[in-house]
Amino acid sequence: MQGLNSGSTSQGGYCLATCTEKDGQTYICVVMGAEERGEDVLSYTIANSLIDWAYSSYGYVNVLTDDRLVCEVGVELSEDVDYVTLRPASSLTVFLPLEVDPEKDLTYKHKVIAPKLEAPVEEGQVAGFITVYLDDEPLGSVDLITMNKVERSEFLFAMKRIRDFTTSRPFVITVVTFAVLFIVYIFGTAFYRTKPGRGRRRRR
């Protein structure tokens, strides 16, 4: 125990407040209204029982391991692979009742940054996160990272740049403008040629 304060009154009975520590976790125990049984003051007995119960009932539980395979996310611009697997960047340990079964009592929800990643992809690249819940209450979140490296295909990358350029707004506006000017030129030329008096020689 790190500290202890006890006392009694005729109306409040025997009272006790104490603080203890185990495995880096601090416990505070308060007992009020205890009785005296013979030579024993029950506030001390109750406090010891409560502290022993806390030690045996609560502790740090590993709710997520860093080797857990969470999901797969697609990869573009690679000729070798179509997807990469994501895992937690680190384990997650939470102070919980020891009766909690991570496989039965906890819920895991993940979210990826994008539905697909573009190569190159580095090993350990952050691609999302996973959150652990107990009874809909979040216990903590951990980043999701890629498990392997993916090289980029320069050919697919060049084709994407061409596609992006030809579908870009400036390119489309330029093509449409050119088409409109060309149509105006064709109709203008046709109108000029069919105008009365054009193409006839003057009589002397």
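Residues numbered from 1 in each chain as written. Predicted model: local features only at pLDDT ≥ 70, side-chain atom pairs only at ≥ 80, totals over all residues. Heavy atoms only, no water.

In this section: a negative patch on the surface. Taken together, the side chains of Glu99, Asp105, Asp135, Asp136 and Glu137 present a region of like negative charge at the surface. Counting through the fold element by element, Asp136 comes out in the loop between β12 (126-134) and β13 (137-146). Assessed through its relative accessible area of 69%, Asp136 is described here as exposed. (Patch = residues over 30% accessible without salt bridge, like charges linked within 9 Å, V, L, I, M, F, W, Y side chains within 5 Å. Areas by Shrake-Rupley, 256 points an atom, 1.4 Å probe, with all protein chains shown as cover. Salt bridge = Lys/Arg side-chain N within 4 Å of Asp/Glu carboxyl O. Lys, Arg positive; Asp, Glu negative; His and termini not counted. Charge placed at Lys NZ, Arg CZ, Asp CG, Glu CD. Helix = DSSP H or I, 4+ residues; strand = E, 2+ residues; numbered from the N terminus. Buried < 20%, exposed > 50% of the residue type's maximum accessible area, 1.4 Å probe, protein only.)

Evaluated as defined, the whole model comprises 6 aromatic pairs. Between Tyr58 and Phe95 the ring centres are 6.1 Å apart and the planes differ by 20°, which places this aromatic pair in the stacked class. Taken together, the residues Tyr58 in strand β6 (residues 58-64) and Phe95 in strand β9 (residues 92-97) connect sequence positions 37 residues apart. With a relative accessible area of 31%, Tyr58 lands in the partly exposed category. (Phe/Tyr/Trp six-rings, centres within 6.5 Å; stacked < 30°, edge-to-face > 60°.)

Attention shifts here to the nonpolar core. Ranked by size, the top nonpolar core spans 26 residues in total, and within it Val63 and Leu64 carry the most contacts. Going through the elements one at a time, β6, β7 (71-76), β8 (83-88), β9, β10 (106-112), β12 and β13 are the ones with two or more residues in this core. Here this core takes 4 residues from β12, the largest share from any one element. Excluding residues within four positions of it along the chain, Val63 makes contact with Leu92, Val94, Leu96, Leu106, Tyr108 and Val132. (Core = buried A, V, L, I, M, F, W, Y, C linked by side-chain atoms within 4.5 Å. Contact = heavy atoms within 4.5 Å.)

Turning next to the sheet that holds β12. A sheet is described by the order of its strands in space; here 6 strands give the open sequence β10-β12-β13-β8-β7-β11, paired in mixed fashion. The sheet is open, and its two edges are formed by β10 and β11 (116-118), each paired on a single side. For this sheet, the mean inter-axis angle between neighbouring strands, taken without regard to orientation, is 35°. For β7 and β8, the ladder comprises 4 bridges, and the chain directions are antiparallel. Across the sheet, residue Val73 finds its bridge partner in β8, namely Val84. (Pairing = 2+ DSSP bridges. Axes fitted to C-alpha atoms, helices over the stretch in contact; angles between N-to-C directions.)

None of the figures reported here should be taken as evidence of function without further support.
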